[in-house]
Amino acid sequence: MSEFFKNIPQIKFEGKDSKNPWAFKYYNPELTIMGKKMSEHLPFAMAWWHNLGANGVDMFGSGTADKSFGQTPGTMEHAKAKVDAGIEFMKKLGIKYYCWHDVDLVPEDPNDINVTNKRLDEISDYILEKTKGTDIKCLWGTANMFGNPRFMNGAGSTNSADVYCFAAAQVKKALEITVKLGGRGYVFWGGREGYETLLNTDVKLEQENIANLMHMAVDYGRSIGFKGDFYIEPKPKEPMSHQYDFDAATAIGFLRQYGLDKDFKMNIEANHASLANHTFQHELCISRINGMLGSVDANQGNPILGWDTDNFPWNVYDATLAMYEVLKAGGLTGGFNFDSKNRRPSNTFEDMFHAYIMGMDTFALGLIKAAEIIEDGRIDGFIKEKYSSYESGIGKKIRDKQTTLEELAARAAEMKKPSDPGSGREEYLEGVVNNILFRG
Ligand code: XUL
Ligand code: CO
């Protein structure tokens, strides 16, 4: 197999004082943090579409990066070269997982889904052959049900029963390939599952049809031996003005409404959180407290732009608060998929490595600092103390559901006015986080 990234050595951990661009400064896979190796806390994954597919094309201009890997795009030779390049890339970074959409793996035949499916069989055989003897595995797979023009009115939410059959066929095939590649999860991101205007939309019918498609996916997945989690990846807008999976709370409500909550969890993407005017931490926290934090799409938005920019994660504050939630959840059943792309002018192979090294170091730093916040105890101690009125007396009765509105009202009448609820101490707590982040 020819080497694609000839100038790039194996990326190793050298520590924070290293200035070697081809070394991790913080990601030390062997380091033990809170009883687990860093590599186990952080199962990183490569996103096939960005890393091996995205060439910088945008609505104002063509691609700037060459992702042909020596072959003609749109051919099976190119699809195989992407496998070879992807495996070399993951090996050089020590990444063990990859994520894909069906059409990232092979070119889609515009006229015959049977041809596309045969190509998927061929490429998955090739991936298995090339990853044999390595520890590289699939994290999750998904069907791209937003790119093809047939999905212009949605996939599970389409008005056309014929198109719905194609959504079902793609999910069926993508599930089969996920199982074949040993995937831990299967993702539904509802790219076109939403609407532009209610003037032409039956929301109830669309949501019921999406839920039915998910139920059929669960039934089929379990019947072919898929033991992992299904994930919904919430996103509030883009491409549609209104998307049904707006945020974690909305998606969790939908799953419970339709009896899908036992098989599904959340795949939380940082940039989708910010599009919903939430923080990354908020979305992780809502998923965690509902027992539904499954996986993460690791990236960040550009706060001065209103769309999904999929920058590589650079913000250590956000990564720290994200890892705080992940640690509190006891880890992920999925992993950290870099649904991130290089900026258009960062168009060389070297830039692909710089991006992953930086992104992996950001989450490693986040993990180190989140563990320090927990071990430090000032934040958790403050929160515990803040709610201490519920630990005894009437507060405990409230928590234990041992009281009534009448009893509480009688207490209020007796007290005439409540005691001081106490300061929220936000600025003090922000100072604690800064202290932990920058004390060296
Ligand atoms: C789109 C997005 C997708 C999903 C998988 O914003 O995040 O790439 O991760 O379909
Ligand atoms: Co994503």
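Parameters and conventions
- Residues numbered from 1 in each chain as written.
- Chains lettered and ligands numbered in written order.
- Predicted model: local features only at pLDDT ≥ 70, side-chain atom pairs only at ≥ 80, totals over all residues.
- Heavy atoms only, no water.
- Core = buried A, V, L, I, M, F, W, Y, C linked by side-chain atoms within 4.5 Å.
- Buried < 20%, exposed > 50% of the residue type's maximum accessible area, 1.4 Å probe, protein only.
- Domains from an automatic or database assignment.
- Contact = heavy atoms within 4.5 Å.
- Donors = N, O, S within 2.8 Å, 3.2 Å for Na, K, Ca; no water.
- Tetrahedral: all angles 85-135°; square planar, octahedral: opposite > 155°, others 65-115°.
- Helix = DSSP H or I, 4+ residues; strand = E, 2+ residues; numbered from the N terminus.
- Patch = residues over 30% accessible without salt bridge, like charges linked within 9 Å, V, L, I, M, F, W, Y side chains within 5 Å.
- Areas by Shrake-Rupley, 256 points an atom, 1.4 Å probe, with all protein chains shown as cover.
- Salt bridge = Lys/Arg side-chain N within 4 Å of Asp/Glu carboxyl O.
- UniProt positions renumbered as here; feature names shortened; annotations may be inferred.

On to the nonpolar core. Formed by 117 residues in total, the largest nonpolar core has its most connected members in Leu42, Trp48, Leu93 and Tyr98. Viewed by domain, this core spans two of them, domain 1 (30–376) and domain 2 (388–438), each represented by three or more residues. Filtering out sequence-adjacent residues up to four positions away, tyrosine 98 remains in contact with Ala45, Met46, Trp48, Met90, Ile127, Ile136, Lys137, Cys138, Leu139, Trp140 and Leu181.

Let's shift gears to the coordination of the cobalt ion (ligand 2). Metal coordination angles in their ideal form are 109.5 degrees for the four-donor tetrahedron and 90 or 180 degrees for the six-donor octahedron. At this site the cobalt ion (ligand 2) is bound by Glu233 (OE), Glu269 (OE), Asp297 (OD) and Asp339 (OD), with donor distances of 1.9 to 2.2 Å. Coordination at the cobalt ion (ligand 2) is octahedral, judged from the six donor atoms that bind it and the angles of 80 to 172° they form at the metal. Between the donor residues of the cobalt ion (ligand 2), the gaps in sequence give the motif E-x35-E-x27-D-x41-D. You can see glutamate 233 sitting in the loop between strand E10 (229–232) and strand E11 (242–243) and its partner glutamate 269 sitting in strand E12 (residues 264–269), a full 36 residues away along the chain. Given a relative accessible area of 4%, glutamate 233 falls into the buried group.

There is a patch of nonpolar side chains on the surface, built from Ile383, Tyr387, Tyr390 and Ile398 and spanning about 370 Å² of accessible area. Assignment of secondary structure puts tyrosine 390 in the loop between helix H13 (378–386) and helix H14 (393–399).

Quick look at the UniProt feature "binding site: Mg(2+) 1" (unreviewed entry) in the protein now. If you check UniProt for "binding site: Mg(2+) 1" (unreviewed entry), the listed places come out as Glu233, Glu269, Asp297 and Asp339 in our numbering. Despite a sequence span of 107 residues, these residues sit close together in the fold, their greatest C-alpha distance being 11.7 Å. Among residues more than four places away in sequence, those in contact with glutamate 233 are Trp140, Val187, Phe188, Trp189, Asp245, Asn267, Glu269, His272, Asp297 and Asp339. Within the secondary structure, aspartate 339 sits in the loop between strand E14 (336–338) and helix H12 (349–376). In this view, aspartate 339 contacts Ala47, Trp49, His50, Glu233, Glu269, Asp297, Ala298, Asn299 and Asp310; residues no more than four positions away in its chain are not counted.

This part covers the pattern of salt bridges. Using the criterion set out here, one finds 24 salt bridges in the structure. Lysine 369 is the partner of glutamate 372 in a salt bridge, and the nearest nitrogen-oxygen pair spans 3.4 Å. Residue glutamate 372 and its partner lysine 369 are both found in helix H12; the two are separated by three residues, about one turn of the helix. Both residues of the pair, glutamate 372 and lysine 369, belong to the buried class. Among the ionic pairs, arginine 378 bridges to aspartate 376, the shortest N-O distance being 2.9 Å. By relative accessible area, aspartate 376 is classed as partly exposed at 26%. Look at the salt bridges and you will find they share partners, linking Lys369, Glu372, Asp376, Arg378 and Arg439 into a network.

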